[in-house]
Amino acid sequence: MGEELSRRKFIKGSVLFGAAAATTAAMATTVGATLTSCAPRGANDNSGGTNGNDRVATMQFASGDLSYVVHEADIIVVGGGMSGLNATRVANDNGASVILVDKGPVGHSGNSGVLWGQSFVSAENNKDDGVSIANFFAIDCMGIMNQEQARNVGRAHVESRPRIVIEQSGNLFQRDDDNKVVGNDVEGMAATHNALYKQSAQMLTKRGIPIYSNMMMLDILLDDKGNSAGIVAISLADGSAHVFRGKKTILCTGGYHWATGKTGGSPESTGEGHYALLKRGYAFKDMEFPQYDFCGIHPFGYRPDKEQDQIELAVTFPVNGEIHKRMLNKDGVSYTLGFFDDPSKQDLSAFQGALIATAKEFYQNKATSGDGSNNGIYFNLKGLQDEPNSQSYPSYKGLMRFSTKNLNYNYPDNLECLVNEYSSAGVPAQNPQTCEHEIPGLYPIFVALSAGSSTWNWGQSYLAAKDASAKVAEEASLPAFSPDDVQSALLHAYDYLQRDVKDGEGIRSTEVHRRIQRAFYKGQDFMKSEDGMKTMLAELERIQKEDLPKMVCKDKSLNFNRDWKMAMEIDSMLYCSLATVHAAMARKESRSPFFRSDYPKMDNTNFLCYLWVSVNKNGVWNVEKGDVVDTVLPRSEIMRLLDDSDPKYDISVPNKSV
Amino acid sequence: MANTYKITITHYDSSVDLEPYTKTYEIPDDPDFAPMTALKALHWINRYHEPVAYDYNCRRGTCGRCAIMIDDEPRLACMFTLTGNHSFAPLSGFPVIRDLVVNKQEAYAKFVVSNHTIKTLAPDGVLKQIESEFWREKLYPLNACRECMCCYAGCQALNIFNKWGRFAGPGAMQEIYLRHIDGQDRSNRLEQAVFSGVFECVQCGNCTQYCPSLISCSENIKEMMDEAERAGMKPQGKASNYWPLL
C-alpha cells in the first residue's frame, strides 16, 4: 500500500465518475450555452407534486472540465432537519415546485437524527397576536432576542398549528394521566414530547417531492444582479457534482456546533450556511451565545480531556420542568433549588435558571473535574424511569432502556454530564416578517439564542416558505447562475482529493478537524476567560495559516469518503469558530448562557445589545454593537425585569443552599 | 498492556475493488472508553489505522444510521459492546455503497408506501385523547422505530425465501400495525397488512431479536396474521405473487 496506489485509486475513481456523468448527459437535455435562455419548466408548471427538472450542463472551461447535473425547481430547500422538512412541506402545500437537498439521509440527518423523539415547544395556543411569545423570548433570552421576529414566530405558530400538523402526519405525542398531550401551557407555549422527523420525511417522500440525500452544499449561487440562484453541491455518496437552481433558496443548514468539539449534537452540523454568508462579508449576531444542554459521558461518549480526545458525547438530558432538581455538583449537592424557590425568579424558564445556577457552581469550583477542560455536573437518574409523565420521559426511557439492554450497561445513580453545545446560535440580518436575507431570494433559517429552537425553527421556516412560494408564482424565469462560480467551488472541493502526502508533511483532514474542535472547546468552554479565548484565537489563526495548506485526505475515493467530507467542512468550521471567538471576546460580561469568570456580572448598560460580527475581504474581523429590537417589551422594561444589580445574575455569588 | 480486540472489517469500494476483501485491526480495550462500542472501535480504526467508510450520526441509538452486520447479525454499531474479537460487514440484503455503508432505499420505499403518515380522511381539528398507559406500553415503543433496517437485514422471509417483491418487510409492517391499533386511523389497515404480504412472514423471530428499539416486531405481525385469519382474509393455499403492495 502506498501513495502510488492511493493516487491510482483516485484516478480510477475520477474516470468512473466522468463516465457516469457522461451517461446521464446522453439521456438528459444538453444545455450548454443556452442554459440561461432555456425556458425553465419550473416557471410555468407550478402545480406541485411532480417537479424538479434535471439536466446535465456540459460546459467546457479552460480551468477544467468538471461536469455537473443541474436540477431545477421554484424553491430549493437546503437541509432536512425540522426547518427544512417544514419549509418543503409548506412550499409544496402552496403549489410551488420544491427540491429538498440534505447532507445526510433525510429524516436521519444532522440534529434531526440526533434529537428525534424529543420535545417540541409549540406556541399555537397563543391568544394575543404573539405578544406574550415575544415577551417570553425577550426575558428568557436575557434581553437579547429580536422581539419582532419572536412575535412573528408566535403568529406563524398560531397560523400553522404545528402540533396538529405533526400528529396529522402520523406522529404520536406523549400523553399524560388525563390522556391529553403532555405539556404545560404557559402563555400559549407548550412543550410536547416525542416529535419525530421520520414521519415528515416519509410524508414528503410519499408526496413525490424530489429529495436528494447525502448531498453536501459547497456554496450558494447568485445571479449577476446579486439575487439568490440556488446552490452548488457534491454528493457524498459518489462524489458527483450538482447544481440546484431555483428562484428562492431556503437555507436550513443547521448549526455549526460540531466545531465546538464538546457536543451531543450532530457531526453533520458544521455551518455551511453560516459560512456562505460570513465569507461574503455579511454580519451575524448572537454568535457568542452557545446553546447548552447536559450530555452524559458514558456509555456512548468519551472524556474530552483524554490524550486521544475523540470528543464524542451522547445521552442528552434536556432540563425541562422539574428535571433541574436532579442536577448535583461534585459534592452531590443539589444546587438549583435555591434558585427556583424564590417566586421572584419565575421570569426565567427552568432551563435558563438551571444554567445560571450551574455557572455559579462552576465559578465556585464545584464542577465535577475542575480541570478547565472537562467540567461537568452530576445528573441523578434514580427513579427517573418511574416518572412516566415527566416531560422528556420518552427520550430518557428510550435511551436508558435501549442502552441498558443492548450494551449491557447499568447507569450509575449519578451520571456525569458535560455542559455542551447541542446546537449553536447565530443569525444574519433578515426581514422579520419573511426571514428573507439582504440577498434577495435567500432565506437563512438559523437558530437565534438558546430558548425554544423547535419553536423558532418551525415558525421561521413556515414564514420563509410561505413568502417564497407566494413570490415564485409571480416570477417568470429562473435566475441564471454563473458557471464560473460553480467551477471554482467544485475545483476547490476536488482539489482536496488530488493533494498528495509529501514526506509526512501532510496533515489529515480528520486531524485538522479535531484541532479546530480542541481549540474551540478549550477557549469556549462553559466558563470562559480572556486568556482562554486569546489562546483559542491564536490557535485558529495558526491552523488557518499553517495547517490548511498542508491538509490532505488520506482516503482518495469519491465514494463515501469521510476524509474528503471533513476537508470540505474545514472552511465553514473555521469561519464559524473565528466569528464565535471574536464576538465572545467583545462581550465583556456574563449573560446566560454566556459566562465569563473574568466578568461574572451581567452588564445591561454596556451589553444589553447585539454584537454583529463580520469579516472583510482582507480577512479582518470586526465586531459592532447593535440595538436590540424591542418593539414589544421596551429596553427600559427589560432592564427592570432583568436587573443586573440582582445577585441572582452575578455568577460570583454562590447559590443559596436550601 | 491492556487487552486488545481484533476487529475484521469487510472493505469494498466499487470504484477500485473488483471483489470485497477483509482486513483485521487491533484496538486497545481502554477502560476510559468503556463500554467499548462497535462505533467507538470504528472511530479508532479510522483514526489510527486506515480510512473506513461507515455512517453514523447520533452515537446513541436514535438516528439508526450505523447499522452493520456484527458477527453476521444486524446491529447498531453504537448499541453493541465489544466482548472479544468481532467481524464487521455491511448490512446484508442491501447494495453496498462502500465498506460498511449501504443503500437502504429499497427498504425505505416500503416504509413510505405503508402510508403510515396518512391517518385520516379529513385533517384533525384537535389533538385527540389517547389513554396514557396505552400510549406508553403500545404506541410509544412502536414510535421508537429508527428505520435502521436491522429487521430487514435479519428477515428470513426477505433474504432466505426471497420475498422482497411481495412482503413489505418487518419494519413497514410495524407502521401498518401502529396505524391498525392507534384508534385514530380511518382505513382498513388489516386489509392493507394482508395485501402487503403479512402471510409471507415465516415467523422466524429475527426482527424482534435484532430490533435495537426492542419492538416486538414478530409478535405484532403474528397478531395481524391471526386477526386477518379470523376475519377470513387468509389466502387459500399459496399467496398470490401479484398482489401489489399497498
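These numbers were taken from a predicted model, which means no experiment stands behind them.

### A word on the domain arrangement of chain B
All names here are of chain B.
- Here chain B is described as being made up of domain 1 (4–102) and domain 2 (105–230).
- If you average the C-alpha positions of domain 1 and of domain 2, the two centres end up 28 Å apart.
- Counting residues at the interface gives 14 residues for domain 1 and 14 residues for domain 2.
- Of the roughly 1000 Å² buried between domain 1 and domain 2 on both sides combined, carbon and sulfur atoms contribute 64%.
- On the domain 1 side of the contact with domain 2, Pro74, Leu76 and Phe94 bury the most area, a combined 41% of that side's loss.
- For the pair domain 1 and domain 2, the interface holds zero salt bridges.
- Counting across the domain 1 and domain 2 interface gives one residue pair in polar contact (both at pLDDT 80 or more).
- Here the element with the most residues in the side of domain 1 that touches domain 2 is strand β4 (residues 73–76); it accounts for four residues.

### Brief notes about the pairing of strand β21 (residues 610–615) of chain A
Residues and elements named next belong to chain A.
- The element β21 is largely enclosed, with a buried count of five among its six residues.
- As judged from the six bridges shared by β21 and strand β22 (residues 621–626), these two strands associate in the antiparallel manner. Within β22, the position partnered with valine 613 by the bridge is valine 623.
- Taking the residues that link successive antiparallel strands as the turn, the β21-β22 hairpin has five residues, and the phi of glycine 619 there is positive, at about 80°.

### Structural notes on a nonpolar patch on the surface
- Among the surface-exposed residues, Ile160, Phe161 and Val202 of chain B lie close enough to one another that they form a single nonpolar patch of about 280 Å² accessible area.
- For valine 202 of chain B, a relative accessible area of 34% corresponds to the partly exposed category.

### Looking at the interface of chain A and chain B
- Between chain A and chain B, the contact holds 88 residues from the first and 77 residues from the second.
- Where chain A abuts chain B, roughly 7300 Å² becomes buried across the two surfaces, and 50% of that area is made up of carbon and sulfur atoms.
- Counting the surface chain A buries against chain B, the share from its top three residues, Gln168, Leu172 and Gln202 of chain A, is 10%.
- Remark: the boundary between chain A and chain B carries three salt bridges.
- Among the ionic pairs, arginine 47 of chain B bridges to glutamate 511 of chain A, the shortest N-O distance being 3.4 Å.
- Taken together, the links from chain A to chain B amount to 39 residue pairs in polar contact (both at pLDDT 80 or more).
- At the level of elements, α1 (3–27), α4 (110–115), α7 (162–168), α8 (197–206), α12 (393–407), α15 (509–523) and α17 (562–586) of chain A are the ones that each hand at least two residues to the side of chain A that touches chain B.

### Things to note about the sheet that holds strand β13 (residues 376–380) of chain A
Residue and element names in this part refer to chain A.
- One open sheet accounts for four strands, arranged β11-β14-β13-β12; its pairing is antiparallel. Strand pairing shows two members of the sheet lacking a second neighbour, β11 (290–296) and β12 (327–328), which therefore form its edges.
- With seven bridges joining them, β11 and strand β14 (residues 414–424) adopt antiparallel strand pairing. By the bridge assignment, glutamine 291 is partnered in β14 with serine 423.
- Those strands touched by helix α11 (residues 350–363) are β11, β12, β13 and β14, and its axis lies near 75° from that of β11.

### Some points on the state of the cysteines
- Going through the model one piece at a time under the given rule, you end up with zero disulfides over all chains.
- Left unpaired, cysteine 63 of chain B is separated from the closest cysteine sulfur, that of cysteine 58 of chain B, by 3.8 Å.

What counts and how
- Along each chain, residues carry numbers from 1 onward, in the same order as the chain's sequence is written.
- Naming scheme: in the order in which they are written, chains are lettered from A and ligands are numbered from 1.
- Local features are withheld for residues below a pLDDT of 70 in this predicted model, meaning they are given only at 70 or higher, and side-chain atom pairs are given and counted only at 80 or more; totals for whole chains, interfaces and linings count all residues.
- Each side-chain value is derived from all of the structure's non-hydrogen atoms; neither hydrogens nor water enter the calculation.
- Where each domain begins and ends follows an automated or database-derived domain assignment.
- In this description, contact between two residues means that some pair of their heavy atoms is separated by no more than 4.5 Å.
- Accessible area that two parts lose when put together, with a 1.4 Å probe and added across both, is what the buried area reports.
- By definition here, a salt bridge exists when the distance from a side-chain nitrogen of Lys or Arg to a carboxyl oxygen of Asp or Glu is within 4 Å.
- Distance and chemistry together define a polar contact, namely a pair of N or O atoms within 3.5 Å, with one atom able to donate a hydrogen and the other to accept it when in protein, and with adjacent residues in sequence counting only for side-chain atoms on both sides.
- Only DSSP runs of H or I covering at least 4 residues are called helices, and only runs of E covering at least 2 are called strands; the numbering of each starts at the N terminus.
- Only protein chains enter the accessibility calculation, which uses a 1.4 Å probe; a residue whose area is less than 20% of its type maximum is buried, one above 50% is exposed, and one in between is partly exposed.
- In this description, strands pair whenever DSSP reports at least two bridges between them.
- The patches reported here contain residues having more than 30% relative accessible area and no salt bridge. Joining distances are 9 Å for like charges and 5 Å for nonpolar side chains (Val, Leu, Ile, Met, Phe, Trp, Tyr).
- Areas reported as accessible are Shrake-Rupley estimates using a 1.4 Å probe. Residue values count occlusion only from the protein chains shown.
- Axes here mean lines fitted to C-alpha atoms, for a helix over just the part in contact, with angles spanning 0 to 180 degrees between N-to-C directions.
- In this description, the term disulfide denotes a pair of cysteine sulfurs within 2.5 Å.

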